[in-house]
Amino acid sequence: MTEPMLRFVSQPQKRPTKRPAIKRRADFKEIYKGFSIAQAEEQSSRCSQCGIPFCSAHCPLGNNIPDWLRLAATDRLKEAYLLSSATNNFPEICGRICPQDRLCEGNCVIHKGFESVTIGGVERFITETAFQNGWVEPNYPENELGKKVGIIGSGPAGLACAENLRAKGYEVHIYERQAQAGGLLRYGIPGFKLEKNIVDRRIELLKKQGVIFHLGQEIGEGPKALSFDSIRNRYDALFIATGVYQARRAHVQGEDLKGVVKALEFLIQAENPEPDYNAKGKKVVVIGGGDTAMDCVRSAIRQGAQKVTCVYRRDRENMPGSRQEVMNAEEEGGIFHFLAAPEAFIGRESVEAVRLKEMRLAVMDANGRRAVDPTGTYTQLDADMVICALGFDPEDLPSKWNEPKLAVTSWKTLSVKDQHYETSLPGIFAGGDIVRGASLVVWAIADGRGAAETMHKYLIKQAAQKIEGAL
């Protein structure tokens, strides 16, 4: 029998086909078409099946990537799906939006000279095949445990935690302040990367599993808000997965001018027929170099902007976002102005231009990234709209929830015990961006899974102590 693997020497790397830029920039539909069966098997067969799989080691979820690649290469797709989904609650989502170039694919041992295995494309194919064939089913519990768990936030961390706790037999309630569930997956990621029906499909599975959603429900502040204490007292344990949504300010002159927009506020409405922030016919400047900035660039193009320029204070090599996303933005017409930072937004009532101070790379900072210094020269860009994508900070939850004993770090993220997800309050756990700061969806899923396991152990221990106390 011919060895089905190690074919990277004879089979070149091929990525899923992209729709032509001229067509995809006209709508918000996904840009990748996905692999065919033949393509998926061919690309899976390129895996070297190495003894120490660095792809798995650099996956936050520890996915068994070489194993499900081999299964996919030999047309054992149901087994491949079962193995893939054993460590990942949402493999079809990670296959679409994970920065594989920085994680699994970027650490593939055959990368040099032959190019890495296209892991993300195969992962997406495996799961979509599973959905098409009816292999994806709700993760029903075998027994009901008679205990209730509350989750605040329905982003990837909250959803992953909910699925795993419900599967163990807990009654799970999710509280979401937005009108629809999904958090970042729904409101922060444009359709050209992740169409909303993909998120809807997962939400429906969770509902069938028995997870209960309380939508449009604010915690802490507002006339219809529930107090944190009332939520806390309803459940045997609580998981906080609120994410970080407070936009960082540019702290420059003119920041409050009309036409200067926060990234998330722009993205939430970008796909609406009549959005509050419309780039149509405008000269748009996006400030920032991460994936959110790329989402803003590409969304503004789709709205019909006259010109979209992305300004980033470092160079291309030091951009924090996915290189694939930068390339997609350039293909679609985005212009990049590197080594520049905003010095002022200029205009009377509405923004008319951005004055930039030119920068140069300096020594590496404490995080291993190149610092920047101003050169003393300035340039100016005309702008009818400026979108600030400078990152996100957490809300002040102890104040908002009137819970001063909820400990936070110097960054205002929630403080938790190492690897245990437990906050300073007994029975209250936290994970995802509200603990890490703005991070990747895959890390949020990992935190949700880890927190579910920790909460389960905590509740078992609490039950055992209660029995001992009654004897």
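Above this text sits the structure in question.
Reading the values: the criteria
Residues numbered from 1 in each chain as written. Predicted model: local features only at pLDDT ≥ 70, side-chain atom pairs only at ≥ 80, totals over all residues. Heavy atoms only, no water. Helix = DSSP H or I, 4+ residues; strand = E, 2+ residues; numbered from the N terminus. Buried < 20%, exposed > 50% of the residue type's maximum accessible area, 1.4 Å probe, protein only. Contact = heavy atoms within 4.5 Å. Areas by Shrake-Rupley, 256 points an atom, 1.4 Å probe, with all protein chains shown as cover. Lys, Arg positive; Asp, Glu negative; His and termini not counted. Charge placed at Lys NZ, Arg CZ, Asp CG, Glu CD. Arc of directions from axis to C-beta. Pairing = 2+ DSSP bridges. Axes fitted to C-alpha atoms, helices over the stretch in contact; angles between N-to-C directions. Core = buried A, V, L, I, M, F, W, Y, C linked by side-chain atoms within 4.5 Å. Salt bridge = Lys/Arg side-chain N within 4 Å of Asp/Glu carboxyl O.

Caption draft 1: Quick look at the overall build of the chain. Within the chain, the secondary structure is distributed over 18 helices and 15 strands. Reported as C-alpha extents along the three principal axes, the dimensions of the chain are approximately 75 × 65 × 45 Å. The buried share of the chain, reckoned over its 471 residues, is 52%. In the chain, the share of contacts with a sequence separation of at least 24, taken over all contacts with a separation of at least 6, comes to 70%. Approximately 21,900 Å² of the chain is accessible, and the part contributed by carbon and sulfur atoms is 49%. Across the chain, 62 positive and 59 negative side-chain charges occur, with their mean positions spaced 1 Å apart.

Caption draft 2: Region of interest: unusual backbone geometry. The phi dihedral of Glu-115 falls on the positive side, at around 75 degrees, and the residue is not glycine. For Glu-115, the location among the structural elements is in the loop between α7 (111–114) and α8 (119–132). Of note, Lys-412 is a non-glycine position whose phi angle comes to about 75 degrees, a positive value. Turning to its location among the elements, Lys-412 is positioned in the loop between α16 (397–400) and β15 (428–430).

Caption draft 3: Representation of helix α2 (residues 37–44) within the structure. All of the buried residues along α2 are Ala-40, Gln-43 and Ser-44. For α2, the angular spread of buried residues about the axis comes to 100 degrees, placing them on one side. In the core, the buried residues of α2 are packed alongside α4 (65–73) and α8.

Caption draft 4: Quick peek at the sheet that holds strand β12 (residues 370–382). Spatially, 3 strands are ordered β10-β11-β12 in an open sheet, and the strand pairing comes out antiparallel. For this open sheet the edge positions go to β10 (340–347) and β12, each flanked by a neighbour on one side alone. Taking each pair of neighbouring strands and ignoring which way they run, the sheet shows an average axis angle of 20 degrees. Judged from the 7 bridges that link them, β10 and strand β11 (residues 351–364) form a sheet pairing that is antiparallel. Residue Ala-340 lies in a different strand from β11, and its bridge partner there is Glu-358.

Caption draft 5: Looking closely at the nonpolar core. Judged by nonpolar contacts, the single largest core of 45 residues is most densely connected at Leu-159, Leu-165, Leu-185, Leu-194, Phe-213, Phe-239 and Met-455. Mapped by element, the contributors of at least two residues to this core are α6 (91–97), β1 (148–152), α9 (156–168), β2 (171–176), α11 (196–209), β4 (237–240) and α18 (441–470). Other than its neighbours up to four places away in sequence, Leu-185 contacts Ile-93, Ile-97, Pro-156, Leu-159, Leu-194, Val-199 and Val-441. Counting 28 residues, the second largest nonpolar core, distinct from the first, contains Ala-279, Val-284, Met-294 and Ala-329.

Caption draft 6: Examining the pattern of salt bridges more closely. Scanning the entire structure with this criterion turns up 35 salt bridges. For Arg-248, the salt bridge is made with Asp-393, and the minimal N-O distance between the two is 3.0 Å. Here Arg-248, found in the loop between β5 (246–247) and β6 (260–262), pairs with Asp-393, found in strand β14 (residues 392–393); they are 145 residues apart in sequence, far enough to count as distant. A salt bridge links Arg-302 to Glu-332; the shortest N-O distance between them is 2.7 Å. A residue pair is termed long-range when its members are at least 10 positions apart, and Arg-302 in helix α14 (residues 291–302) and Glu-332 in the loop between α15 (323–331) and β9 (335–338) qualify at 30 residues. The buried category is assigned to Arg-302, whose relative accessible area is 8%. Three or more residues joined by partner-sharing salt bridges are found here, namely Lys-18, Arg-24, Arg-298, Arg-302, Glu-325, Glu-331 and Glu-332.

Caption draft 7: The environment of Ile-287, seen in detail. By the secondary structure assignment, Ile-287 is in strand β7 (residues 283–287). By relative accessible area, Ile-287 is classed as buried at 3%. Separated by 136 residues in the primary sequence, Ile-287 and Ile-151 have C-alpha atoms spaced 34 Å apart.

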